[in-house]
Every structure is written in structure tokens, then in C-alpha cells.
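Observations on chain architecture
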Amino acid sequence: MNNKQLQKLVERISLEYFGRSFHHQAKFNKRLRTTGGRYLLNNHNIEINPKQYQFFGEDVLVGIIKHELCHYHLHIQGMGYQHRDLDFKVLMKKVGAPRFCDVVPGVSLNKERVIHRYECSICQVQYNRKRRIDVAKYVCGKCHGKLKKIL
């Protein structure tokens, strides 16, 4: 699916489920990693993660489009368009839009990645850090022992 086909799909879904036309641009954005799509407030365009379509198919893509169109139509009408707003929750339920999307396999969220590991020379407590620390400046928080880098 290319951007032209995506635009036509978004316009069709907008008319079918919302009864309103979509007058802006919808396109794939390959830089999106952890989200299925996004609605841009400043220009009212919608961007979709192409990996969601590649890995999960058209059914998931339609769900993401419905979700983003909920943001779009509510914002255009001056209603509550944010996830926490009641207007948004009611419209999502009405059109059957998902709240979240699945995580694409192979995408790193950088939450579990540990680059540097330090250990206290006295009590053997280990510290995991994303950034390197100066072992001459810092000591163990438990016993004030000297730290050494082990990984």
C-alpha cells in the first residue's frame, strides 16, 4: 500500500464510520517506531506507522485509522479530542476503534537495555546504568564502598 491508497482508505473510513469527510493529508511515516499513528494538531494531517500494516495487516491498519480519525474529527469540532476526554472515549467505543496498538516485533523500546554495570567491591551490590559514571567520584549507595566496572 502506498500513500495514495492510504489517503483513499482514510477518506472512505471517515465517511463510512464518522459520516464526515477527511479534508487533509494521510501518509505513512517510517520514522514512527513505538506508535501506530499520530494526528498532528497544527496541520490536521494523520501519519501512520507502515510497519503496523506490514506485520499485522489491513484490519489493524483500519483500527489505527479509526483511532486517529477520532482525534481528528473531535479536534475539528472543538470537542475533547485527548485520550482522557469523555468525548474521545465515547466516540472510540461508537466506531470500534482500539485504544492501543500491538508492538511491532523487533522494535527496541530502550527500557531494558543496560550498557554499563558497576559492582561494589565491599558488599557486591550491582548497579545498572545507561550512561557511564566516574568511579573515582561515586561510591556505593549502601555501604560507601568503592565501585568497579564489570560490564
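First, a word on what this report is: a plain description of the structure on this page. (Residues numbered from 1 in each chain as written. Predicted model: local features only at pLDDT ≥ 70, side-chain atom pairs only at ≥ 80, totals over all residues. Heavy atoms only, no water.)

1. Notes on the environment of Arg 131
For clarity, the threshold we go by: Starting at the N terminus, helices and strands are each numbered in turn, a helix being any DSSP run of H or I of at least four residues and a strand any DSSP run of E of at least two. When accessible area is computed with a 1.4 Å probe and restricted to protein chains, residues below 20% of their type maximum are described as buried, those above 50% as exposed, and intermediate ones as partly exposed. Throughout, a residue-residue contact means that at least one pair of heavy atoms, one from each residue, lies within 4.5 Å.
Looking at the secondary structure, you find Arg 131 in the loop between β5 (126-129) and β6 (147-149). A relative accessible area of 70% places Arg 131 in the exposed class. As a C-alpha pair, Arg 131 and Gly 145 span 14 residues in sequence and 20 Å in three-dimensional space. Apart from the residues lying within four places of it in its own chain, the contact partners of Arg 131 are His 116 and Tyr 118.

2. Considering the layout of surface pockets
Using a probe with the size of a water molecule, rolled over the atoms, empty space left in the structure can be pinpointed. Put simply, the test is: Within this scheme a cavity is a closed region of a 1 Å grid, computed over the protein atoms alone, that accommodates a 1.4 Å probe without allowing it to escape, whereas a pocket is open but has protein on both sides within 12 Å along at least five of seven lines; lining residues each have an atom within 4 Å of a point. Grid points are joined across faces, edges and corners, and a volume is the space filled by probe spheres set on the points. Basically, the charged four are Asp, Glu, Lys and Arg, the nonpolar ten are Ala, Val, Leu, Ile, Met, Phe, Trp, Tyr, Cys and Pro, and anything else, Gly included, counts as polar.
There is about 270 Å³ of room inside the largest pocket. What lines the largest pocket is a set of 19 residues, and nearest its centre among them are Thr 35, Gly 36, Arg 99, Phe 100 and Cys 101. For the lining of the largest pocket, the element with the most residues is helix α3 (residues 58-77), which contributes 4 residues. For the lining of the largest pocket, the per-class residue count stands at 7 nonpolar, 8 polar and 4 charged. Lining the second largest pocket, in full, are Tyr 17, Phe 18, Arg 20, His 73, Leu 74, Gln 77, Met 79, Asp 87, Val 90, Leu 91 and Lys 94.

3. Observations regarding the sheet that holds strand β4 (residues 116-120)
For the record, the criterion: Two strands form a pair only when DSSP identifies at least two bridges running between them. Axis definition: a line fit to C-alpha positions, over the contact stretch in the case of helices; interaxial angles, taken between N-to-C directions, run 0 to 180 degrees.
The sheet built from 3 strands is open, its strands ordered β5-β4-β6 with antiparallel pairing. For this open sheet the edge positions go to β5 and β6, each flanked by a neighbour on one side alone. Here the strands of the sheet are splayed against their neighbours by 30° on average, with no regard to which way each runs. Where β4 meets β5, 4 bridges bridge the pair, whose relative direction is antiparallel. Each bridged residue has a counterpart across the sheet, and for His 116 the counterpart in β5 is Arg 129.

4. A few points about the sheet that holds strand β1 (residues 26-28)
As summarised here, the arrangement of the 3 strands in space is β1-β3-β2, forming an open sheet in which the pairing is mixed. Two strands lie at the open edges of the sheet, namely β1 and β2 (37-39), each paired on one side alone. Pairs of neighbouring strands in the sheet enclose a mean axial angle of 15°, with direction left out of account. Contacts between helix α1 (residues 3-18) and the sheet are confined to β1 and β3 (46-48), with β1 contributing the most and set at about 140° to the helix.

These values are about where atoms sit, not about what they do.
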